[in-house]
Amino acid sequence: MLSILQTNAGKAVELHLRSGEKVGGKVGQVTDNIVNLSHLTGAEFYDAFVDVKDISAVVIRADGR
C-alpha cells in the first residue's frame, strides 16, 4: 500500500477502509504509518490523516479509460 500511495502523491485517490468507509482526496505526505489526504471529496477545506493499517484498498482513476 505504501508504495502505491507514494507513487500517486499529488493525485486524487479513494481509500477503502477496513471499517467499510470510503475517504477520497488528494494524496499528500505518506509515512510508514500515516497517509495525509487533502481536498477531501465533499469536504474540500478539510484534511484527513489515515492509519495505513486501516486501508483495505486504494482506488485510482486510470487516465484514458
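The rules we used
Residues numbered from 1 in each chain as written. Predicted model: local features only at pLDDT ≥ 70, side-chain atom pairs only at ≥ 80, totals over all residues. Heavy atoms only, no water. Helix = DSSP H or I, 4+ residues; strand = E, 2+ residues; numbered from the N terminus. Buried < 20%, exposed > 50% of the residue type's maximum accessible area, 1.4 Å probe, protein only. Core = buried A, V, L, I, M, F, W, Y, C linked by side-chain atoms within 4.5 Å. Contact = heavy atoms within 4.5 Å. Pairing = 2+ DSSP bridges. Axes fitted to C-alpha atoms, helices over the stretch in contact; angles between N-to-C directions.

Colleague: Break down the side chain of Asn36 for me, citing the residues and quoting the values.
Modeller: Within the secondary structure, Asn36 is located in strand β3 (residues 34-38). Judged by relative accessible area, Asn36 falls into the buried class, the value being 14%.

Colleague: With reference to specific residues and values, describe the nonpolar core.
Modeller: In this structure, Leu5, Leu15, Val35, Leu37 and Ile55 are the most contacted members of the largest nonpolar core, which totals 14 residues. Excluding anything up to four places from it in sequence, Leu37 contacts Val13, Leu15, Val23, Gly24, Gly25, Lys26, Val27, Tyr46, Asp47 and Ala48.

Colleague: Which residues make up the pairing of strand β2 (residues 22-30), and what values go with them?
Modeller: For strand β1 (residues 12-17) and β2, the ladder comprises five bridges, and the chain directions are antiparallel. In the sheet register, His16 faces β2, and the bridge partner there is Lys22. As judged from the three bridges shared by β2 and β3, these two strands associate in the antiparallel manner. The residue bridging Lys26 from the neighbouring strand is Ser38, located in β3.

Colleague: Requested: an account of the pairing of β1, with residues and values cited.
Modeller: Across the two faces of β1 the burial differs, with Val13, Leu15 and Leu17 buried and Ala12, Glu14 and His16 not buried at all. Between β1 and β2, which pair antiparallel in sequence order, lie four residues; one of them, Gly20, sits at a positive phi of approximately 100°. Bridge count between β1 and strand β5 (residues 55-60): five bridges; the pairing is antiparallel. Opposite His16, over in β5, you have Ala57 as the bridge partner.

Colleague: Now, about the sheet that holds strand β4 (residues 48-51): what can you tell me, with residues and values included?
Modeller: Each strand in a sheet pairs with its neighbour through backbone hydrogen bonds, running either in the same direction (parallel) or in the opposite one (antiparallel). Ordered by their spatial adjacency, five strands build an open sheet running β4-β3-β2-β1-β5, and the pairing between neighbours is antiparallel. Here the strands that pair on one side only, and so sit at the sheet edges, are β4 and β5. Strand-to-strand twist in this sheet, taken as the mean axis angle between neighbours without regard to direction, amounts to 45°.

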